[in-house]
Amino acid sequence: MNHPQRAEVFNRDEDRVDWHDKTLWWVRQKRDMAAHKLPEWEALREAASQIKHNVLSNLDEYLVQFEAHAQQNGVTVHWAADATEHNQIVHRILVENQVTQMVKSKSMLTEECHLNEYLERNGIEVIDTDLGERVVQLAGEPPSHIVMPCIHKKKEEIGEIFHHHMGTEAGLSDPQILTGLARTDLRQRFLTRRVALTGVNFAIAETGEFVVCTNEGNADMGAHLADVHIACMGMEKIIPKREHLGVFTRLLARSATGQPSTTYTSHFKKPRNGQQMHLVIVDNGRTVQLGREDFRNSLKCIRCAACMNTCPVYRRSGGHSYHTAIAGPIGSILAPNLNMADYADLPFASTLCGSCSNVCPVKIDIHQQLYKWRQVLVQQGHVSASKAAGMQAMSTVLSNRRVFAVAGSAGRTLMRWFPGIVSNSLNPWYKQREMPEPPKESFREWYEKNR
Amino acid sequence: MSPRDKILQAIRQNKPALTALPAIPTSNTFADQVVERFTEILTTIGGQVVSVPDMNGVAEYIRSHYPAHRVITTFPELAEVAEVHWEDTSPHELADVEFAVLNVHFGVAENGAVWITDPLMMHRASPFICQHLGVVLSAGQIVPTMHEAYARIGSADYGFGLFIAGPSKTADIEQSLVLGAHGPKTMTVFLVD
Amino acid sequence: MTTVGLFVPCYVDQFYPKAAIATLELLEKQQINGGPIQVVFPKGQTCCGQPMANSGFEHLTKPLNEQFVEQFGAVDYIVSPSGSCALHLKEHLHSDRNEDRATATRQKVYELTEFLTDVVKVTHLKARFPYRVGLHQSCHGLRGLHLSQMSELVASPFSKPMQLLNMVDGIEMVNLDRPDECCGFGGTFCVVEEAVSAKMGKDRVADHVRHGAEYITGADLSCLMHLEGILRRQNSRTKVIHIAEILNS
């Protein structure tokens, strides 16, 4: 199913849509309140955007610098050209350590690479330890939001999932109690797993350290109790200097949840005594995106999800309607880079309202890129023939002013036809809306008589 | 060609023309009354500040709040009320620690965070695995924002460095804030004048 | 004398002639630098091409662009009672035949309210509209043309449409819970993504109705057409009205 079909299903339960919309709008409001406490907010966004631009313009040098420093620090650095190589590298490390179980904190990269499925096929048990990720993992679903993975679930449903999978009491719905149950359950996993995988928020070229930001402390509980720490990062996570963390840490949590900081900002530089620390640098289409001038800025993304929380479409269609690891506006400009045919619907899942670009802490021109992806997708033949024919017909009529100006006939006919131009059968406009009452005369008819 | 060289070559082919790094914006927003701001913000994110005249105040707090629990610390002067020799245990053996009291380098007014590096943690797991966390911070060691924080860290070497801002928390279930996700359920900053 | 070319978007011409008439009359009343304005309506105009371009078919708009430049190349200003059409022209009007002329044409495009506040510098209006009115901030006017400050940014508030509405006698503007959320029209989005589009429209309408708006106004009739479609389906007493009709009332 494509985005509109999934969105239609989501909208069959209007109360749930209202609940989902309000929950995420509240996060947008918290983001606004946090941002408005910093008069320098817009200057910070601009600086962050420029730092990231510098990174993209010098990415090879920074990666080489980072690798050298990380190696000096005792970290083993791996490079993966695509998702398969990434998954193989992680699997190899597990096999070398004779381990069949690991804990994993949030990493959208591993979602993008479908690491869990790959490892499970190879007999490895992966436990997601972020509470939201654990909930969706138990439910057998992908995350619907990159910061709040189970935001589409109601607390009663989470109680039911825990009851079913963890044997907890039936009928629980208090978030405090549910969180406590997950804490107890996952603590045992942390204490018994020898390998922990984490994502990476920032990697510092100057020092070879990498930074992981969480609220729950799950990345650290995993990493500091395991013999082997594997960190996986998209290659664009590099920033030049430690001091640049000042800019990004000020923006990240405020944009994401309205907090002044994540609870934990962990700087991993060297493995502790006796521990292995591996870092996997992944391309998986990023170098291609880097070469697309119109779209390379999407690689500036720091995964805060502010664009999702503000997006009026995301809030009313749910994260799963985007059928890709990263939902929402940013996902809609990232996904077509990986596969245009599969994700041709996503750049159209937007009104181009532009709110996403305004909240983006690194000033990615998201809505402009949605517009540009539409042009690329049409040029590459990824829209239906009927839509293309309709657009051609419309262009022909509108380009011929004599046809158009046959007042009151062709014009109004065309206009009434327009909303249905991409529809083969019933015009969807009329499902929940009326068209305007046609006036007696058009403006140009009135103008002829009166001026 | 190795994946590494393939990736680097593709970047060289596809990267845009070099652009300069910008100046980092400065801020006066949190420059005044850093102690008050630190206290206010730490409180709003679920932490608490307890002002103490000296380490005796911390010891007193431990005695009254954790009389029958396992308490660990890196402060030798708290030896009467807490374990001080736990460096040779495995971090897993800290799973039953109720309260850990650690020293930190400095605090940050704008977000209520404190900066700690691994010698001060003894075990990297210690600030996370305890049920409740306490840290000791000098009132004179609070910087306004993260810009000053990183300026202060400079090029310091460490194996693991950490900003902690309040107790572990989650709002993954319907955006309801719950303190104590996987790490400490409470965070107390002992502020020493 | 200053000449203003009136660009009436295709669907406004056909469905909302009253808005276009009000725009014309409003412009005819104004002066620039103490001199009158001559408003002309080039009759060969049709459409800015936005419906095609936003659907990914910008390449099909080339003949429309040439037509637009030919029709409007000679006037001093081009004014349109539609923020999204004005924005589309400002961003995408190009010409293979004469790009310089297209650039010059592009640069003199104004949406009606910004033309009134920034070029005419209107300070008072003889208008009366004794009703409770909600202002719908259309996204392209708001975030594209910066007709008002955007709620996402940390920046000083302003609003060109509100500045003008505040000059109208008897009008009572209502506050909204979400003053600049999208209505969900979005061109072909309104049919391709019917479910989300309609839900967005219903939510916008509910915000205005909840706050007692008798009219919803705005600088973009495409949004208002969408909201009107929902209001009429709901048999609501709340109506939509283009801002030009209020300013010219």
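Residues numbered from 1 in each chain as written. Chains lettered and ligands numbered in written order. Predicted model: local features only at pLDDT ≥ 70, side-chain atom pairs only at ≥ 80, totals over all residues. Heavy atoms only, no water.

What follows covers the overall build of chain C. For chain C, the helix and strand inventory stands at 13 helices and 9 strands. Computed over its C-alpha atoms, the radius of gyration of chain C comes to 18 Å, within 12% of the 18 Å expected for a compact globule of 249 residues. Expressed along its principal axes, the backbone C-alpha trace of chain C runs to roughly 50 × 45 × 40 Å. Counting only residues that meet the buried cut, chain C has 69% of its 249 residues in that class. Contacts in chain C between residues at least 24 apart in sequence constitute 75% of all its contacts with a sequence separation of at least 6. Working note: accessible area of chain C is about 8,400 Å², and carbon and sulfur atoms make up 47% of it. Charge-centre separation for chain C: the mean point of 24 positive side chains lies 5 Å from the mean point of 28 negative side chains. (Helix = DSSP H or I, 4+ residues; strand = E, 2+ residues; numbered from the N terminus. Rg over C-alpha atoms; globule rule 2.2 N^0.38 Å. Buried < 20%, exposed > 50% of the residue type's maximum accessible area, 1.4 Å probe, protein only. Contact = heavy atoms within 4.5 Å. Areas by Shrake-Rupley, 256 points an atom, 1.4 Å probe, with all protein chains shown as cover. Lys, Arg positive; Asp, Glu negative; His and termini not counted. Charge placed at Lys NZ, Arg CZ, Asp CG, Glu CD.)

Ordered by their spatial adjacency, 8 strands build an open sheet running β8(A)-β5(A)-β6(A)-β9(A)-β8(B)-β5(B)-β4(B)-β7(B), and the pairing between neighbours is mixed. At either end of the open sheet lies a strand with only one pairing partner, and these are β8 (238-239) of chain A together with β7 (142-143) of chain B. Inspection of the sheet shows strand β5 (residues 113-117) of chain B paired to strand β8 (residues 160-164) of chain B by 4 bridges, in the antiparallel sense. Opposite W115 of chain B, over in β8 of chain B, you have F163 of chain B as the bridge partner. (Pairing = 2+ DSSP bridges.)

No other pair of the 2 pairs of chains in contact has as many contacts as chains A and B. Chain C makes no contact with chain B, the minimum C-alpha separation between the two being 14 Å.

Our focus in this paragraph is the domain arrangement of chain A. Residues and elements named next belong to chain A. Domain annotation of chain A identifies domain 1 (1-37 + 299-383), domain 2 (56-146 + 193-284) and domain 3 (386-450). Placing the centre of domain 1 and that of domain 2 at their C-alpha centroids yields a distance of 24 Å. Domain 1 puts 25 residues into the contact, and the matching count from domain 2 is 22 residues. Carbon and sulfur atoms supply 65% of the area buried between domain 1 and domain 2, which totals about 2,100 Å² over both sides. Summed over the shared surface of domain 1 and domain 2, the result is 1 salt bridge. Ionic pairing is found between E236 and R303, a salt bridge with its closest N-O pair at 3.7 Å. Linking domain 1 to domain 2 there are 4 residue pairs in polar contact (both at pLDDT 80 or more). (Domains from an automatic or database assignment. Buried area = accessible area lost by both parts, 1.4 Å probe. Salt bridge = Lys/Arg side-chain N within 4 Å of Asp/Glu carboxyl O. Polar contact = N/O pair within 3.5 Å; in protein donor to acceptor, adjacent residues only side chain to side chain.)

Another point: the nonpolar core. With 155 residues, the main nonpolar core has F202 and I238 of chain A together with F163 of chain B as its most contacted residues. Top contributing element to this core by residue count: helix α3 (residues 41-57) of chain A, with 7 residues. Grouped together as the second largest cluster of nonpolar side chains are 87 residues, V122, L165, A219 and V240 of chain C included. (Core = buried A, V, L, I, M, F, W, Y, C linked by side-chain atoms within 4.5 Å.)

Our focus in this paragraph is the packing of α3 of chain A against helix α12 (residues 244-256) of chain A. All names here are of chain A. At a minimum axis distance of 10 Å, the contact between α3 and α12 shows a crossing angle of 120°. When the axis of α3 is compared with that of α12, the two are oblique. The chirality of how α3 crosses α12 is left-handed. Seen from α3, the contacting residues are W41, L44, R45, A47, A48, I51 and K52; seen from α12, they are H244, V247, F248, R250, L251, R254 and S255. Class assignment of the residues belonging to the contact of α3 with α12 gives a composition of 8 nonpolar, 2 polar and 4 charged. (Axes fitted to C-alpha atoms, helices over the stretch in contact; angles between N-to-C directions. Parallel < 35°, antiparallel > 145°, perpendicular 65-115°, else oblique. Left-handed = near helix turned anticlockwise from the far one by under 90°. Nonpolar A, V, L, I, M, F, W, Y, C, P; charged D, E, K, R; others polar.)

Before going further, it helps to examine the interface of chain B and chain A. Facing the 73 residues of chain B at the interface are 94 residues of chain A. With both sides pooled, the region where chain B packs onto chain A buries about 6,800 Å², and carbon together with sulfur makes up 60% of that total. Sorting the residues of chain B by area buried against chain A places D172, I173 and H182 of chain B first, and these three jointly supply 12% of that buried surface. If you look at where chain B meets chain A, you find 8 salt bridges. For the salt bridge of K15 of chain B with D60 of chain A, the shortest nitrogen-to-oxygen distance reads 2.9 Å. Here chain B is connected to chain A by 42 residue pairs in polar contact (both at pLDDT 80 or more). Looking at the side of chain B that touches chain A, the elements with two or more residues in it are α1 (3-14), α5 (126-129), α6 (146-153), β8, β9 (169-170) and β10 (178-179) of chain B.

This next bit is on the sheet that holds strand β3 (residues 125-128) of chain A. All names here are of chain A. Across the sheet, 6 strands lie side by side as β1-β10-β7-β4-β2-β3; this open sheet has parallel pairing. For this open sheet the edge positions go to β1 (76-80) and β3, each flanked by a neighbour on one side alone. Recorded for the sheet is a direction-independent mean angle of 25° between the axes of neighbouring strands. As paired strands, strand β4 (residues 195-198) and strand β7 (residues 228-234) are joined by 4 bridges and run parallel to one another. By the bridge assignment for β7, L197 is matched with I230.

Time to look at the pattern of salt bridges. Scanning all chains against the criterion turns up 63 salt bridges over all chains. Of the charged contacts, one joins R31 of chain A and D32 of chain A as a salt bridge, the two residues approaching to 2.8 Å between their closest N and O atoms. With respect to class, R31 of chain A is no different from D32 of chain A; both count as buried. Across the pair D203 of chain C and R316 of chain A runs a salt bridge, and its minimum N-O distance is 2.7 Å. In this pair, D203 of chain C sits in helix α11 (residues 194-210) while R316 of chain A sits in helix α15 (residues 312-317), so the two residues belong to two different chains. Residue classification places R316 of chain A among the buried residues on the basis of a relative accessible area of 1%.

All names here are of chain C. Split by domain assignment, chain C resolves into domain 1 (2-119) and domain 2 (132-247). The gap between the C-alpha centroids of domain 1 and domain 2 is 22 Å. With 26 residues of domain 1 in contact, the opposing surface of domain 2 contributes 20 residues. Between domain 1 and domain 2 the total buried area reaches about 2,000 Å² when both faces are included, carbon and sulfur atoms providing 66% of it. Of all residues in domain 1, Y16, T113 and T117 give up the largest surface area on contact with domain 2, accounting jointly for 27% of the area buried on that side. Taking the shortest distance from any N to any O, the salt bridge between K160 and D118 comes out at 2.7 Å.

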